[in-house]
Every structure is written in C-alpha cells, then in structure tokens.
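Here are the chains, one letter per residue:
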2 protein chains.
Amino acid sequence: MTKATNLNPSKLAMVPFVSVDNMMKIVNSIGTARMIAEIADYVEADFLRWKLFDKTPRVAAHSDEGVIELMPTSDGETYGFKYVNGHPANMARGYQTVTAFGVLARVDNGYPVLFSEMTILTALRTAATSAVAAKHLAPKDAKVMGMIGNGAQCEFQALAFKEVVGIDTIRLYDIDASATQKAVRNLSNSGLNVIACKSAEEAVAGAQIVTTCTADKQYATILTDNMIGAGIHINAIGGDCPGKTELHKDILLRSDIFVEYPPQTRIEGEIQQLPDDHPLTELWKVMSGEVPGRTSDNQITLFDSVGFATEDFSALRYIHDKLDSLNHFVELDLLADPDDPRDLFGMIQRSATNPNNQMHAGQKS
Amino acid sequence: MTKATNLNPSKLAMVPFVSVDNMMKIVNSIGTARMIAEIADYVEADFLRWKLFDKTPRVAAHSDEGVIELMPTSDGETYGFKYVNGHPANMARGYQTVTAFGVLARVDNGYPVLFSEMTILTALRTAATSAVAAKHLAPKDAKVMGMIGNGAQCEFQALAFKEVVGIDTIRLYDIDASATQKAVRNLSNSGLNVIACKSAEEAVAGAQIVTTCTADKQYATILTDNMIGAGIHINAIGGDCPGKTELHKDILLRSDIFVEYPPQTRIEGEIQQLPDDHPLTELWKVMSGEVPGRTSDNQITLFDSVGFATEDFSALRYIHDKLDSLNHFVELDLLADPDDPRDLFGMIQRSATNPNNQMHAGQKS
C-alpha cells in the first residue's frame, strides 16, 4: 500500500453501507421467507450465547410525540447498536411510525464494519424472533394462526410462522378492513391459506397460535380473556413500550410467560400490568434446554415480545456475513485514516491541494 | 408527488451524509481557523441553553483493548448522538486511536436529518470548546501558549487559540520529537510564532496558557507542580477516560477547576484524582455570567475537559446549517418510506418487479 502518496481514502476508511434499496435487493434475491428463517437461525444461535452479551435496557429519549432509542450490545468480539424511533402520530403525517438503522463494529479496534438501514431488517428480525419462540412454545403441529393487527409486521409474521413453525393457514383481522385487504393481497402467492375475518373473535377461532400486533400507543384490550382457550400460544408483539399493552390482564394470569430480557420487558411489555415479582421464564433458557417450554396440551404460553438488542445484533451479523456474496452495498468513507494517525491536520491540508483526489462512493464535490 | 407509481426513494427516505472527503472539502472551503471559531460560537450558544438539554453520561462498552461509546443528547427539538471509539493500541497497528461518526434527528418525528463523519469534526469541536473556555478563563491579553503533546489535536488547538483567544505564539513539546516537527511544519503558514521545545519545562516557560494533550491511557504526570506559576490557565484535554490523567494532583489543589458536566468529569477527567465533593464550577455558569470565571491575576484556572455530548451536538448542528450552501454531501436512502406505511412488505415485493427502479446515491446493484 502506498499510503504516503495516495490521498484517496484507504480501505481502512471505508464502511459498507446497505441502503433501503439494497436491503430490498437482498430480501428479493434470497426470498423473504427463506431470509427470515436464516435470520431466525442467527437469532437462536445468539440466544444460545446469551451470557456472553453485554445487556442493557435501551437508552431512550422520550418526548411528547414519541421516543428515539439507542440499543447497544456486544458479544465481546463484535459490538452493535440500533437507532430506532417510535412516533405513533407519524403515520397521519405521512411519515413512518418506526424507522431504524444500525451499525456493527469490531470490539478489538472499535472500527465500524457495517452501516445498514434497519426498518426492513427490524421487521424481518421481529418475525424471526417470534417464530423461533413459537418453535419452542407453540403446540406441536400447530397449523392455524390468528393475527390481530394487519399492519407493517403482518406479512413477515405470516411467512415466518409458515417457514419456521409450519403453519398453513392464517386468519386476519384489523379494525381497518383495508389493512386486512392489503395483507390478503400481499400473501396471495405465499402458499398460505389466507382468511380475512370480520372480528377478532372470528380470527382466533380454531387457531393454535394467536399473534397480536397492533400499533396504538395506549393500553388496549385486543384480546379478552374469553377469546383464549386452553393450549393456545400467544405471540404478543404490539405491547412494546411503557403505556402500550394489548392483552387483558386476566389472560396474563392464566399464561406461562416467556420474555427476552426481563429488566426491559417489565417496563415495556404486557407484563407492565403485573407485579414486578410475577414469575417469568427467559426465552434463552428454553432454547438451551435449561428449563422446559411447553409442558402440557392445556397450557397457555405467552411470548411477551418487546424486541431486544441481541436480535438486531443477530440480524446485522447475518447481513454482514452475506455482504460479499450478494454484493448489494456501497462503501462509504466514514473514517478518517491519515497516513500518520497523529497528522489529521496535515491530511486535511494536503487534500486541499491534491489535484488527483478522486471522487468515490459517498462523495459529491 | 406521484408516490403511487414512483418506486424511487422519496425525499423522506433520504438522509444527507457528509463523508470524510466531504468534511475535508468543507474545512478547506471555510478555512480551519474560521470554521473552529464558527463552531465555537455554536458550542457557546448551546452551553447558554444548558438547562434545555437532556444530559446523560456516555453509554460505554469497555473491553480490554478500548472502549466504544454512544453519546446522545437532545435540546427538545433536535436529537443527536455520536459513536466514538478509543483504542490506545490502534496506532501501533496502523489504525486510528479514535474514530467517530454522528447523527442529528428531529425529535418531533424521529427522522435523522444528518449522518456525518466525526473524526475530523470532533477534533474541531474539541479545539473550539477549549478556546471558548479559555476566552472566559485565561488571563486577558494572553499571547503565549505552551502545548505538551503534539498529536492529532495539536494544530487544531493552536489555530483555535489564535482565532478565538488571540494568542500569537505557541511553544511545542512532545516526547516524540517527530510529532513536534510535524506540528511545526503544519503550522508554518498559520501566522503563529511556532517554537519547538526540548522539554515540557521549556514549553511552558513564559506561557500564560498551558495545554496538555497526550494520548497514553494511563495515569501520567505531564505537568508537575513546580511548572505551573501563578496566573496560568491550564487547558487539560488528555485526561478523558477512567484511569487516564495528565496533571499532578498538587496542581489540581492549587487551581480553580471548571468542567463541562460534573457527573462525567468526576469519572473521566483530571478530577478523578480528587474526592467526589471537591468544589467545581460548571463552564456554562461562567458563560452565562451566573458565576465569575477568572477573578484575579494570580489565580490558576483549570479547564478539565473530557468532551461532552452537547459539543458534538453543536458541531453537527453547525454542519447541518452549512449543508445547503456548501453542498458537500450526498443523500443516502437510509429510511424505508413505503407509500402506505402499513405496507412495508408490499414495497419490497414491488421493488423486485419494477423495471424502472433507478440507481441512485448509496446504491450498487
């Protein structure tokens, strides 16, 4: 390397960036269902390494209109974090309720190795995590899932449960019928038997798995106690921040509850309705075989999902592993890399007078 | 806008990105000294709005080899954070000790509005903050600064103190003579009288301001008590993480100490050598006139600088304000922006079949 005479950014200065457009290309080249299943393997592999991870509740900046969060974690070799916002009023203003991006970096030298959009990737990892949990908790041979809330997460959940859990039928309900119609349309070639329902009761009828995924930022009762029979697995996704829940408390009291990271779920999940000492089981312990998951045909299991930093880490790790083979990324010169690390000033000075300083990705003169 | 038929990323999906190369273009088009002075105005303006800011110590992930930190803050309208690593062993391996990047976002909708390199920008804001502090604390008519440690921050400090404080002479010393030679070379056209010294004692002789900026991650004694006479202002930059200090404790005991954010400085600054109740003055109170800065000709003032999130926020805010007029950035499609926010899945599906999906910045097929 002839760094002394080469003022173009060195390889060390470059960080691969996966844009929204390139993430869509990645999803479409692998196939949504297969990609979710592959991410599910990464999520499960990282849950099995649970004790290695630095775990901390997300760092949240709350305002009247929403929240901006940073979700960092590390396995000791790789560090990752996600930036994610949640602004319920955004949809009415033509903005996304949730947008996200994330970074992976090397722990040994602190250099970022991936910068990626994560709005799409979060949808994939959320579905992957739900499906991994259900693989361990849902009744064997579950074939029918009722899904209440047919928003942005709906189709990803449907495909995840088909691919990872083996369901063949999905029963859809949303208070907004156009959301259900959208999901029916999008899932028309999925291989699933897709049934639009006129009520939540109709959607859960005959289902072995019930997924709730609504978006209101408030205490709501999407499921009442009488709608949940013995033996059901509930996959509760929408209760994911303080003041936002979906299930009637009586359902929680009849369920065995499984969570990602108790300190975060106690604040954000359905269990914010319960006393702080209500018994929970950590999902990683079920996956590792340390404690049993489903123990009887009559048991109601509840995955109280809020989304945890390790799942984003797993998804970013997956994308990073796929980079070279798929080649859907650009390099950004994000890191200053002077020839002499002590000579940052000189690097800037020389860049002003070097006529050969070429344009490259991430630049505009 | 015809979003329904236009699958190219909408304006809402795009986030301006300032690469290292473009940051150098910005610095060179404005001029380093002038840009530091302009950032100093932003830093001071934000210190004067101190009570508005969400303040929290940085979120650090420590390892044997270094640290990766996230530094978030918000003024209620705008949110910002910086990612920064510190790995002292990096230099010997051909990597930067510190690299950084940052983001600004709107609090009301959570959308990022700027993504920027911050290795260069941090150097500028650190120098700007030192100079702003010295403007309030250094002896009137200070003309000579001694600078111990001539690494990456050295020239920025020199220009900042020339531009903002009015010094005309800088006396340089580093245990590595080649670092001093580098700084002498880089400052040859700065308008400063630049003097290379053979010892720290020689560098501080006759100086009204002493800046310490060394990089070892350990307790060190760059300045001993006998080197600091009455009336000196000390600008201590290098003591900026737990276990890293530069000044002998006796100097601290003779000084009036000024800090950015006490909860962070108590952990990271020179004052980690002192009891937790040692009296301090917050810099913003001096700037606002709430408490006096320098009160006598004999007083030793010490700015125990560790770098705080609001300073990065100020620097990012400055860059954001300059974007349109300077035009040194590219747009990245970082945010998924489906026509119907509930139809993220459909957006991905349609992108696979749309032949008109154009290439744009941040993409590679």
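Residues numbered from 1 in each chain as written. Chains lettered and ligands numbered in written order. Predicted model: local features only at pLDDT ≥ 70, side-chain atom pairs only at ≥ 80, totals over all residues.

## Some thoughts on helix α2 (residues 32-47) of chain A
For clarity, the threshold we go by: Helix numbers and strand numbers start at the N terminus; a helix is a DSSP run of H or I with at least 4 residues, a strand a run of E with at least 2. In this analysis, the expected span of each helix is defined as 1.5 Å times one less than the number of residues it contains. Neighbour density around each residue's C-beta defines its exposure: 20 or more other C-beta atoms within 10 Å make it buried, 12 or fewer make it exposed, and counts between make it partly exposed, where C-beta atoms are placed from the backbone. Contact criterion: two residues are in contact if their C-beta atoms, reconstructed from the backbone, are within 7 Å.
Along its 16 residues, α2 of chain A runs 22 Å from first to last C-alpha, staying within 8% of the 22 Å computed at 1.5 Å per residue. Within α2 of chain A, the full set of buried residues consists of T32, M35, I36, A37, I39, A40, Y42, V43, E44, D46 and F47 of chain A. Against the buried residues of α2 of chain A lie α1 (20-30), α3 (119-137), α4 (154-165), α9 (283-287) and α10 (309-326) of chain A together with α11 (344-353) of chain B.

## Some points on the interface of chain A and chain B
The following threshold applies: Under the scheme applied, nonpolar residues are Ala, Val, Leu, Ile, Met, Phe, Trp, Tyr, Cys and Pro; charged residues are Asp, Glu, Lys and Arg; polar residues are all the others, including Gly.
Taken residue by residue, the interface counts 77 residues in chain A and 77 residues in chain B. Tallying contributions element by element places helix α11 (residues 344-353) of chain A first for the side of chain A that touches chain B, with 7 residues. In the side of chain A that touches chain B, the residues fall into 38 nonpolar, 25 polar and 14 charged.

## Section: the confidence of the model for chain A
Residues and elements named next belong to chain A. Applied cut-off: Confidence of the predictor at the level of single residues is given by pLDDT, which spans 0 to 100.
Overall, the prediction assigns chain A a mean pLDDT of 90, with 92% of residues at 70 or greater. Scored below 50 in pLDDT, residues 1-7 shows 8 contacts in the model against residues more than four places distant or in partner chains. Considering only residues more than four positions removed or in separate chains, one finds that residues 355-365, a stretch of pLDDT under 50, has 27 contacts. If you check the scores for this complex, the pTM reads 0.91 and the ipTM reads 0.89.

## What to know about the relation of the copies chain A and chain B
For clarity, the cut-off: Our superposition of the copies is a least-squares fit, built on the C-alpha atoms of residues whose pLDDT is at least 70 in both.
Expressed as a screw transformation, the operator carrying chain A onto chain B has a rotation angle of 180° and an axial translation of 0.0 Å, and the superposed copies differ by an RMSD of 0.0 Å. The operation mapping one copy onto its partner corresponds to a two-fold rotation axis. Counting the interface residues of chain A, we find that 100% of their copies in chain B are interface residues as well, pointing to one common contact surface.

## Brief notes about the nonpolar core
Where we set the bar: Only buried residues count toward a nonpolar core: Ala, Val, Leu, Ile, Met, Phe, Trp, Tyr and Cys, linked into one set through C-beta atoms within 7 Å.
Within the largest apolar cluster, 234 residues are counted, with the highest numbers of intra-cluster contacts made by I36, I120 and L124 of chain A together with I36, I120 and L124 of chain B. Apart from the residues within four sequence positions on either side, L124 of chain B is in contact with M35, I36, I39, F156 and A315 of chain B.

## Focus: the pairing of strand β2 (residues 59-63) of chain A
In the case of a regular strand, side chains alternate between the two sheet surfaces. All names here are of chain A. Formally: Paired strands are those between which DSSP finds at least two bridges.
The sheet contact formed by β2 and strand β3 (residues 66-74) spans 5 bridges and is antiparallel. Opposite V59, over in β3, you have L70 as the bridge partner. The turn linking β2 back onto β3 is made up of 2 residues.

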